[in-house]
Amino acid sequence: MKNRTDFELVPGLVSIITPVYNAASYLHVCVGSALGQSYQDIEVLLIDDGSIDESGKICDDYADKDARISVTHSVNRGPAAARNIGIAKSKGEFILLLDADDSLEPNAIELFVDKLDKTLADLAIGNFFSVKSKTQKEANLACLPYQTLTQNDLVDYTRAYLTRPDKHPLFGVAWGRLFKSAIIKSNGITFDESLSTFEDVAFLFDYLKHVKSACFIETALYNYMVPYAEQKNYQSACMAIGDNHKKQWGYKVAVRH
């Protein structure tokens, strides 16, 4: 995508983008957590990525009841394409990516926006809970010893990530971060739709090229659903690799970014 200047953003508005694929079992919790935010200046973009369960209808039902929700129905092309649709349609000053099987803590958006306002950073990274069952969730322990990262800090962390990505996961996922829409849209940053794995890594490093500073919020703001035994029909489009083993090498493509 070429760089753009033909977009208008609504100041203070946070665009929450959620790709939806066969997520009927989780969608009420996910969307409910977005609508229940203490920060109410939001729009929720639900991108139905060719679901064959009741997900599409659930999305439409939510849109009928709340004007802040918009729904796009698309043929199945994967989470990267769905997120790109959401980015293109978004109107907010900020963008947050929320997976359909995950959820937000009630004050997540408020703390994200407040942190960016106070630090003047270009990216806010929130800590998260790993949800391991209906009754068990644990806060991630991979916290930073400091809460503001300068460009030099970002370079150092990137080098550490490339050496041991398993030990430095800050830039391994795109969910649970608050991005500035102007940076994304003016620089034509999109998700690589040719990748079925590690597309988040590619997106984040493309974004970081234009970041002067980032901030870290130690408070867990995002609930990441870890597949567990009770979820017999668990299907995460963002985690599925399928029978194409070449998809497992998406990391090699992603790190080029």
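Treat the numbers as computed from the prediction; the structure is a model and nothing was measured. (Residues numbered from 1 in each chain as written. Predicted model: local features only at pLDDT ≥ 70, side-chain atom pairs only at ≥ 80, totals over all residues. Heavy atoms only, no water.)

Undergrad: Is there a simple way to explain unusual backbone geometry in this structure?
TA: Peptide bonds are mostly trans, and most non-glycine residues show a negative phi. Although it is not a glycine, N22 sits at a positive phi angle of roughly 50 degrees. Mapped onto the elements, N22 comes out in the loop between β1 (10-20) and α1 (27-35). Given the relative accessible area of 12%, N22 is considered buried. Its identity as a non-glycine residue notwithstanding, L120 has a phi of 60 degrees, on the positive side. One can find L120 in the loop between α4 (108-119) and β6 (123-131). Look at L120 and you get exposed, because its relative accessible area is 65%. (Helix = DSSP H or I, 4+ residues; strand = E, 2+ residues; numbered from the N terminus. Buried < 20%, exposed > 50% of the residue type's maximum accessible area, 1.4 Å probe, protein only.)

Undergrad: What should I look at first to understand the packing of α1 against helix α2 (residues 55-65) in this one?
TA: The description of two packed helices rests on the angle between their axes and on the distance between the axes. The N-to-C vectors of α1 and α2 enclose an angle of 25 degrees; their axes lie 11 Å apart at closest approach. Classified by the angle between their axes, α1 and α2 sit roughly parallel to one another. Viewed along their axes, α1 and α2 form a crossing whose handedness is right-handed. Two secondary-structure elements touch here, α1 through L27, H28, V31, G32 and L35 and α2 through S55, I58, C59 and Y62. Class assignment of the residues belonging to the contact of α1 with α2 gives a composition of six nonpolar, three polar and no charged. (Axes fitted to C-alpha atoms, helices over the stretch in contact; angles between N-to-C directions. Parallel < 35°, antiparallel > 145°, perpendicular 65-115°, else oblique. Left-handed = near helix turned anticlockwise from the far one by under 90°. Contact = heavy atoms within 4.5 Å. Nonpolar A, V, L, I, M, F, W, Y, C, P; charged D, E, K, R; others polar.)

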